[in-house]
Amino acid sequence: MAKAEKFSVVGQRVQRVDGFDKVTGESKYIADIILPGMLLGKILRSPYPHARILRIDTSKAEHLRGVRAVVTAEDTLKRPWGAFFADQYILSVGKARYVGEEVAAVAAVDLDVAEEALALIDVEWEPLPAVFDAEEAMKAGAPLVHDDKKRNIAVTLDIERGNIQRAFAESDIIVEDTFQSAPQWHCSIETIGSVAEYASSGKYTIYMNSQTLFNARYRIAAALGVPETDIRIIQSAVGGGFGGKSCDDNNALVAAILARKAGKPVKVINSREEEFLAGCRPRVFMKIDVKLGFKKDGRIRAKHIRIIADNGAYSAKAPAITGVAAMRHDTCYKYSDVKTQAYLVYTNKIPTGAFRGFGNPSAEWAVEQAIDIGAHELGIDPMEIARINAAESGYVSPHGNRVTSCELKQCLDMTEKMMDWKKKRADKKPNTGLGLACTVHVSGKRHFGDYDGSSATIKINEDGKALILSGEGEIGQGVHTAMCQIAAEELGVRVEDVEISKADTDLTTFCLGAFASRLTYISGNAVKNAASNVKQQLFQQASEMLEANADDLISHGGRIFVKGAEGKFVTVADAARARLFRHNGAPIVGSGSFDADSVLPDKTRFGNESGAYNYGVQAAQVEVDRETGQVKVLQYVIASDCGTVIYPIGAEGQVEGGFAQGIGYALIEGLQFDEGRPVNPNFSDYRIPSMRDLPPLTHAFADSYEPTGPFGAKGLGELNMDPTAAVISNAIFDAVGVRIKTLPITPEKVLKALTEKG
Amino acid sequence: MVKFDYFEPKSVEQACAFLERHADEAKLIAGGTALLIWMRMMLLNPHVVVSLARIPGFDSISFDPKDGLRIKAGARHRDIELDPAVREHYPLLYETFRKVAQPRIRNMGTIGGNLCQGDPLTDPGASLIAMDAEITLTSSKAKRTLPLEKFFVDYYQTDLRPGEILIEIRVPLPARPLGWAHIKFLPRSQEDFATVGVALVLRGNALGKRRRSCAAKRSPMIESGRWRRWPRMKSIPWMTTAAPPITNVT
Amino acid sequence: MKRTINLTINEEAFEAEAEPRLLLSYFLRERAGLTGTHIGCVIGECGACTVLLDGRLVKSCLLFAVQADGRKVLTIEGLAKNGALHPIQEAFVQQYGLQCGYCTPGMVLASYSLLRDNLNPTEEEIRKALGGNLCMCTGYVQIVESVKAAAKKLQQS
Ligand SMILES: Cc1cc2nc3c(=O)[nH]c(=O)nc-3n(C[C@H](O)[C@H](O)[C@H](O)COP(=O)(O)OP(=O)(O)OC[C@H]3O[C@@H](n4cnc5c(N)ncnc54)[C@H](O)[C@@H]3O)c2cc1C
Ligand code: FES
Ligand code: FES
């Protein structure tokens, strides 16, 4: 149950710690980093979806005035690398497997020269038969993307918990349908880029706008065949990540080998087109068969899901994403018997990967629609079906996820109220309808090695200000502000007196970075522990100065005093200086660690995947124009359970931003492929929501407390885009009785469905 | 992008002379919002770029009740939108130019560039055709005037001849009362190019004699591919089709 | 053929050589060192490169620098005076009108242009004026709130 605690910094509407730099344009993003002698790099990309490289001749390009280095696979170890499976190369070895794959690269004095040089690289290609559809690719005789991957299958999952046959037999009604999700690009307004420098001592220094620095370091070290210590990665300001900047692409690696060969720093920034072709790894697209068995009273008795997921040409994070799509949602409702089958399949397209939601938006697009179908068939209000099945604190999912806090039912109540659901349902107007969906997400996930933790160091400067050293990194979401708040709360100082460092793999301890909605919960716990360590040292020092017992001390607003005797105090600065400037002096500095109580998935994929689970409910009222098929969202409502809200104004931004991406996914965004070649890889034809495209949104946070979280907090970042597409589709069905099963929901599809329905 | 030389003639005659001298090598630039994108994509690779931006008066807009509205080709969308005479006498044009992209593009793009680009997805063409606009083109050899409708040939193709410059668009003063509408159908994003654009003008004493409409069509990227059609004038006898009521009457 | 380009940037004269093919956005960033003008699409859609040219809002990726020769440019760096934020910038910090901040200079300049002409814009007017600026982080709600707050500040001053 929710627990009210009084905080002085946590939960306050503080200002962003990095706001000033951003409104003045002073923030240094990757493109703004300029090093002496720096060259600019450009990448030659495969024009074919699948083709053997018979010959590459770079001599003309090398002789062009202004060119300083040309690299091909010959300049690499030809050693494959990857997050889960090592299957991609820095530059094509032998053949290219998708349009946009990196084949060669040039470093030159300016971009125009680099581009001219690319045109002078002569590649002799032998086009090979290619396969673009995951289902086709699984068929016998389909062209093989990787020779050793039979039927192009990268991952197979086949898991049954309970007795699925019996459960369906015991169901009163069965709903069965197929849904198709779509790829989606992150479209961070800043594209991926890197600036790499190589010292003859053998050390690479790479500035990256990555959201996972230490994972990047690990992968880059592996691909270059050097120890991690020889790679230093420094995070620039990051212009948005959403999963797309988690180093599953070759940008930094190409910059690194160009820098080594040229002996000069090299900057490589993706153009927008490159970003679509081969930059960030888009959302995994899936075909999902769902079969649900319901009892008459609305309880879900059985669930069988079968997923075919498109991996693209190489495996980025899709192996983990497929697992999430197959199983995560079983933590949202109370299930007993579930079966899940999933196939991740190689095709000759861009590798797919991590995007806010990580498999959840695809799964929820399918499952939340199937539940809605069930509700309509049973004649039960979808709000009630959700209530009947909603997970609660203490629930353990069939896959072993242990829920320590859950306010899903509270979120349903809030949604019902904010939407005025009952009244709107009662006086339903023609062509308008209501839709609803629930979601669950993790707060961190144990999947990169047996570690789901974080660490941080805090030092107190001589002026009493605290500096957090953290390698997690800020990508725009505001985590640095939340970390400063957590440290300030624990230390008993003002938030203005806490600063946080940039992420730098040489100067900060190992941190996994921004993914899986983990930072507030996991890094927050680490920072809190570090602050607590530092506080003990401060109190130790202050106890000598105040001639009091350290256990009796408290701190507030930067002052340390005996509880109840505020008049007599020492400041944090006094204590820090007194500890430093004396015989045997030492700075006040302390570290803290945290590792969540989660389990690394094994073959059976059983075990608690995260330390805490966050929940949410979304609802929409839409109006459908029967003449054009156009869908207008009249009102949208979101209730989120993220435990204690540490940084309210930032949390609101997460909800609103996630929702906007959800609307883009549902209604607007779509990349078309023609024989594996993206047709609309630019912002003119791949539209993302603009300010005028977003409907009015009302949202609120549940009163919630996560016992294992820092001050009761858990994750939030991804929750808000997970169910949106299903919500819209459910509302369209309620409005006009047609169900759209492929994304995005375009007016053409709605109109076609309406026409077919008659 | 290719390297090019950049010239800024101070008169239309000079500009024509440049065009004649450099023939195939040269491209005109007005606002540059379209040309620049093509050049970046290497779809156009001119070695000489001739700017119309420094020709005095090339962006003027004038109105005379007898003669109608004369818009010089260098006038920007925003200039036309904000022109008092346009607002008063040509409400359809005001409505149309307000809807061209966003203010930033309207501050840069010119009407001449828009029409000569020959992109049927853009907005002004349909409304200008519906208003019986005619255009004047000139080269160092000859000058000609033709109805705008005749100018548009095909997708990205116009009747602009080598060496020619579009200098002026004239729109006759419409008889009152005037019924009109401009509809820009934007199914995906409000910031998109139109999927379908329709400009409609109704005239005659009782607003009932005849109805004219023209449409620029395109369907969204997703699924069905584009319709790459130019607006064509359709004169439809009034009363023959059931049409929604026309609310804009001035 | 390189040309000398003379601009008045943020009220100071600036001169540099450039090939005619250099875009204004890159000229500002690379020649004038003003990296607050960001690059997001180079096709006129995202608005990250927005500046004011002779007082008019434009997208600097759709112009060659030569086209701006002899004219006045205002970039994000020209808004804060003597270390004090412009009221619009203040409002963006206070109302959290940003997350990653990459779109922010463009958003702030578009707001500046709007509020110069209209001190009391409606929500719809704000959304129209800033419609040409894409932001992938915020969902725009807090940006709109920032512009409203900025309008209030400007009305008072
Ligand atoms: C982001 C974006 C959004 C847009 N949205 C819309 C929209 O919603 N609706 C809409 O209608 N349009 C839209 N446009 C198109 C815009 O209206 C045109 O790009 C613009 O009007 C072109 O004018 P310009 O002066 O910039 O042309 P330029 O790029 O300078 O020239 C375009 C072409 O015309 C030729 N040319 C220019 N002037 C003349 C002349 N006087 N005589 C002969 N040839 C000439 C040039 O050689 C070139 O080939 C959009 C454009 C962009 C970039
Ligand atoms: S970079 Fe100029 S509008 Fe996107
Ligand atoms: S704040 Fe990141 S793009 Fe707007």
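Basis of the calculations
- Residues numbered from 1 in each chain as written.
- Chains lettered and ligands numbered in written order.
- Predicted model: local features only at pLDDT ≥ 70, side-chain atom pairs only at ≥ 80, totals over all residues.
- Heavy atoms only, no water.
- Contact = heavy atoms within 4.5 Å.
- Buried area = accessible area lost by both parts, 1.4 Å probe.
- Salt bridge = Lys/Arg side-chain N within 4 Å of Asp/Glu carboxyl O.
- Polar contact = N/O pair within 3.5 Å; in protein donor to acceptor, adjacent residues only side chain to side chain.
- Helix = DSSP H or I, 4+ residues; strand = E, 2+ residues; numbered from the N terminus.
- Pairing = 2+ DSSP bridges.
- Axes fitted to C-alpha atoms, helices over the stretch in contact; angles between N-to-C directions.

Visitor: How do you make sense of the interface of chain C and chain B when you look at a structure like this?
Guide: The parts lose accessible area when they come together, and the size of an interface is often stated as this lost area. Taken together, the contacts link 33 residues of chain C with 28 residues of chain B. Each partner contributes to the roughly 2,600 Å² buried at the junction of chain C and chain B, and carbon and sulfur atoms together form 54% of this total. Broken down residue by residue, the surface that chain C buries against chain B is led by Arg21, Arg56 and Leu62 of chain C, which jointly contribute 26%. Counting across the interface, chain C meets chain B through three salt bridges. Note that aspartate 79 of chain B is salt-bridged to arginine 56 of chain C, the shortest N-O span being 2.5 Å. Where chain C packs against chain B, one counts twelve residue pairs in polar contact (both at pLDDT 80 or more). Counting residues per element, the ones that place at least two in the side of chain C that touches chain B are strand S4 (56–59) and helix H4 (123–129) of chain C.

Visitor: Mind showing me how you'd approach the interface of chain C and chain A here?
Guide: If you look at the interface, chain C gives 46 residues, while chain A gives 48 residues. Surface buried jointly by chain C and chain A totals about 3,900 Å² across both partners, of which 63% is contributed by carbon and sulfur atoms. For the interface between chain C and chain A, the tally reads four salt bridges. Residue glutamate 116 of chain A is joined to arginine 21 of chain C by a salt bridge in which the shortest nitrogen-to-oxygen separation is 3.7 Å. Remark: the boundary between chain C and chain A carries 19 residue pairs in polar contact (both at pLDDT 80 or more). At the level of secondary structure, the elements contributing two or more residues to the side of chain C that touches chain A comprise helix H2 (87–94), helix H3 (104–117), H4 and helix H5 (141–156) of chain C.

Visitor: Hey, could you run me through the sheet that holds S4 of chain C in this one?
Guide: Strand pairing within a sheet occurs via backbone hydrogen bonds; the two strands may be parallel or antiparallel. Residues and elements named next belong to chain C. Pairing within the open sheet is mixed, and its five strands lie in the order S2-S1-S5-S3-S4. Each having just a single partner strand, strand S2 (12–18) and S4 make up the two edges of the open sheet. Going across the sheet, the axis of each strand differs from the next one's by a mean of 40 degrees, ignoring polarity. Taken together, the two bridges between strand S1 (residues 3–9) and strand S5 (residues 72–74) define a ladder with parallel strand orientation. If you follow isoleucine 9 over to S5, its bridge partner there is valine 73. Against the sheet, helix H1 (residues 24–31) contacts S1, S2, strand S3 (50–53) and S5, and its axis sits at roughly 105 degrees relative to S2.

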